[in-house]
Amino acid sequence: MERTMFNPDMESMSEPDRKNLERSLLLEQIDYVYSQSPMYREKFSKAGINKDKIKDPRDLCLLPFTTKQELRESQKRQPPFGDFLAAPVEQVNRVHRTSGTTGSFIYTALTRQDLDLTHDCGARAFWAGGLRPHHRVIHCLNYCMWMGGYTDHANLEATGAAVIPFGVGNSKQLIQVIKDAGINAISSTPSYPKHLEKVLAAEFDIKPMDLGLELGLFGGEPGLENPVYRERMEATWGMKAQNANYGVSDVLCNFASVCPDNYKLHFLGQGGLLVQLIDPLTLEDIPITDGAVGEMVLTHLKKQAQPLVRYRTSDLMEILETGPCECGRTGFRFRIVGRADDMMHVKGINVFPNGIAMVLENMVPRVTGEFQVVLDHPSPYTSLNIKVEHGALVGPEEMEDLKLKIETAIKETLNFRGIVELVKPDSIERTRMGKARRVIRNY
Ligand SMILES: [Zn+2]
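Residues numbered from 1 in each chain as written. Predicted model: local features only at pLDDT ≥ 70, side-chain atom pairs only at ≥ 80, totals over all residues. Heavy atoms only, no water.

### Description of the overall build of the chain
Inference 1: For the chain, the count of helices and strands is 11 helices and 20 strands.
Inference 2: The C-alpha atoms of the chain give 22 Å as radius of gyration, which agrees with the globular expectation for 443 residues (22 Å, within 12%).
Inference 3: A burial count over the chain gives 51% of its 443 residues as buried.
Inference 4: Within the chain, contacts between residues separated by at least 24 positions form 66% of all contacts whose residues are at least 6 apart in sequence.
Inference 5: Of the roughly 20,300 Å² of accessible surface on the chain, 52% is carried by carbon and sulfur atoms. (Helix = DSSP H or I, 4+ residues; strand = E, 2+ residues; numbered from the N terminus. Rg over C-alpha atoms; globule rule 2.2 N^0.38 Å. Buried < 20%, exposed > 50% of the residue type's maximum accessible area, 1.4 Å probe, protein only. Contact = heavy atoms within 4.5 Å. Areas by Shrake-Rupley, 256 points an atom, 1.4 Å probe, with all protein chains shown as cover.)

Listed below in C-alpha cells is the structure:
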C-alpha cells in the first residue's frame, strides 16, 4: 500500500490523543524553560506567575507574550544567541540568521534534537505535498544563512528524495541542470517559475512543459492560494504546483502543506509546536474552531536551544477546517490572511494587501500583478490609493477602461473603494527578493 504520510502517528493523531500529548509535552517544556532559560525565568517571576499554575495549554494565557523585539534585545544583551538560550552552548549544532522587516537580525540556534524534529516536520509537509524518494528535486531558495536554504534542503532530503542544492541566481544554468540531470521536481518561491518562463523564452528554444518537471513545492510568499495563478502555472509547466512550505523562521522552518485531496494548508507541527490565536487588539485568546481568525501565537513543545513561549508572530491566521481531512491527516487547515500590522481599516472593512494581489492576479496580462498602496495617514481610511502596473501590451486608449475595471473588481470582491493610478510595467521598485513593497506609509 502506498505510504501517504511521512509520520502517520503524528499526522493522523485523534484529537484526544493530541490534546494529551500537547499537555504532557507542554508541562515538561515549561519546567525546562523555567529552569534553563534566564530570560523566561525573569519574565515569569516579574509577572508573578508560579509555573505550577500552568497545567494545560489554556493556562498559558496567564503568562506574558514574547515578541521579536524582546529576542533582539536579548541578543544585544548577550550575543550572539541571547539569554533565551536554554541549552549548553556546545550543544548548538546549527545556526541561522533570520531577519525582521526592520532589518535587525535574530540568530536562531538549534541542537541536534531540535534539528531532528525540524526535519521530521518539514518532511511531513513535503511528503504531504507529494514528494517521494523517486523524485530528484532541485532546491532554489537562498542558502546564505536563511532557514529556507540549508534547513529546507535537509527537510527535502529527509523524505528520501535526491536533492540538488542550487540556491538563487544564475537561472540559465539552472535550466541547463534541470535538462541535463533528469530533475523532476523543483522547490522555490511561487513567483520563481514566472521568472524562469522569461529566461526560457529569451535564451532557450524550449517550452516550460518540455523541461519534464512533475512537481513544484513552493513557499516563502503568497500567490498559490489563488486558483487562477496555480492553474496557469500547472498548465504552463505540466507540473503539480503545491503550496508545501509554510513556517515561521524564528520558530519552526516548515510545519504546513496542502495535501493531494485538499488545497488548504494543513498544520503538521504536532508534537513540536502549540498554535494558539489571540485578538490582536484585546489580546484575549480565541479558541481554534472553524472560521476563527486571530494573530497566531506559538509555543514550542520540545525545543532545547531557544524555546519560545507565547511568541507573537504578527501573522493573522484563519482556521478553515478542524475535522479530519479526506487524506487522513487530522491537523487543522488554515490560511494566513495577512500581517496584523499590514491590516488597513477602510470604512469598517479589514483590507489586506494579499486580497488586492488576488484581484489583480485575475487580470493578468492586462496588469503585471504588481501594485503598491500609498498611505498618507494611519487607519482608518475611506478609500485607498493604489498604484497598479498595467501590462506591457495595454495601449494608451485602453487605460481609462482598465482603471475602471480594476476599481470595480476591487469594490465587488473586497468591498472597499480603491482609487487606482496606472503606472508603467516594472516601474514599482522591487526588493532584493524580487517583490514590490505592497504598502508605503508616508506618515
Ligand atoms: Zn488533507
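Next comes the rest of the description.
### Points about the sheet that holds strand E17 (residues 367-375)
Inference 1: With mixed pairing, the four strands of this open sheet are ordered in space as E19-E18-E17-E20. A single partner strand is all that each edge strand has here, and the edge strands are strand E19 (418-423) and strand E20 (439-441). Across the sheet, the mean angle from the axis of one strand to that of its neighbour is 25°, orientation sign disregarded.
Inference 2: As paired elements, E17 and E20 share three bridges and run parallel to each other. Paired with Val 374 across the strands is Ile 440, a residue of E20.
Inference 3: Sitting on the sheet, helix H11 (residues 399-414) is in contact with E17, strand E18 (384-390) and E19, with an inclination near 145° to E19. (Pairing = 2+ DSSP bridges. Axes fitted to C-alpha atoms, helices over the stretch in contact; angles between N-to-C directions.)

### Describing the side chain of Thr 111
Inference 1: By the secondary structure assignment, Thr 111 is in strand E2 (residues 105-111).
Inference 2: Only 2.6 Å separates the side chain of Thr 111 from the side chain of Gln 304, close enough to count as a polar contact.
Inference 3: Ignoring anything within four residues of it in the chain, the contact list for Thr 111 reads Ala 87, Gln 91, Asn 93, Gln 304 and Ala 305. (Polar contact = N/O pair within 3.5 Å; in protein donor to acceptor, adjacent residues only side chain to side chain.)

### A look at the pattern of salt bridges
Inference 1: For the coordinates displayed, the defined rule picks out 26 salt bridges.
Inference 2: Its salt-bridge partner being Arg 335, residue Glu 318 comes within 2.8 Å of it at the nearest N-O pair. With Glu 318 in strand E13 (residues 311-321) and Arg 335 in strand E14 (residues 333-339), this residue pair connects regions lying 17 residues apart in the sequence.
Inference 3: Judged by its relative accessible area of 18%, Glu 318 is buried.
Inference 4: Under the relative-accessibility criterion, Arg 335 is labelled partly exposed at 42%.
Inference 5: When salt bridges with common partners are traced through the structure, they connect Arg 23, Asp 56 and Arg 58 into a single cluster. (Salt bridge = Lys/Arg side-chain N within 4 Å of Asp/Glu carboxyl O.)

### Examining the coordination of the zinc ion
Inference 1: Coordination of the zinc ion by the protein comes from Cys 259 (SG), His 266 (NE2), Cys 325 (SG) and Cys 327 (SG), over a distance range of 2.1 to 2.3 Å.
Inference 2: One way to put it: the four donor atoms around the zinc ion meet at angles of 99 to 120°, and that makes the site tetrahedral.
Inference 3: Sequence positions of the residues that donate to the zinc ion give the spacing C-x6-H-x58-C-x1-C. Placement of the pair is His 266 in strand E9 (residues 265-267) and Cys 325 in the loop between E13 and E14, with a sequence separation of 59 residues. Note on accessibility: His 266 and Cys 325 belong to one class, buried. (Donors = N, O, S within 2.8 Å, 3.2 Å for Na, K, Ca; no water. Tetrahedral: all angles 85-135°; square planar, octahedral: opposite > 155°, others 65-115°.)

### Thoughts on the packing of aromatic side chains
Inference 1: Under the counting rule described, the total for this entry stands at eight aromatic pairs.
Inference 2: Arranged with centres 5.6 Å apart and planes meeting at 45°, the rings of Tyr 40 and Phe 44 form a pair that is tilted. Of this pair, Tyr 40 and Phe 44 both sit in helix H3 (residues 38-46), four residues apart, roughly one helical turn.
Inference 3: Judged by relative accessible area, which is 0%, Tyr 40 ranks as buried.
Inference 4: Note on Tyr 246 and Phe 334: the rings are 5.6 Å apart at their centroids and 70° apart in plane angle, and the pair reads as edge-to-face. Residue Tyr 246 is located in strand E7 (residues 240-248), and its partner Phe 334 is located in strand E14; the two are separated by 88 residues in the primary sequence. The exposure classification of Tyr 246 matches that of Phe 334, with both residues buried.
Inference 5: Taken together, the ring pairs in this structure connect Tyr 246, Phe 255, Phe 267, Phe 332 and Phe 334 into an aromatic cluster.
Inference 6: Here the guanidinium or amino end of Arg 3 rests over the ring plane of Trp 127, the centre of that ring lying 4.5 Å away. (Phe/Tyr/Trp six-rings, centres within 6.5 Å; stacked < 30°, edge-to-face > 60°. Lys NZ or Arg CZ within 6 Å of the ring centre and 35° of its normal.)

### So, the domain arrangement of the chain
Inference 1: Domain annotation of the chain identifies domain 1 (1-339) and domain 2 (344-441).
Inference 2: For domain 1 and domain 2, the distance between their C-alpha centroids amounts to 29 Å.
Inference 3: At the interface, 14 residues of domain 1 touch eight residues of domain 2.
Inference 4: Where domain 1 abuts domain 2, roughly 990 Å² becomes buried across the two surfaces, and 52% of that area is made up of carbon and sulfur atoms.
Inference 5: In this structure, the connection of domain 1 to domain 2 is made through two salt bridges. (Domains from an automatic or database assignment. Buried area = accessible area lost by both parts, 1.4 Å probe.)

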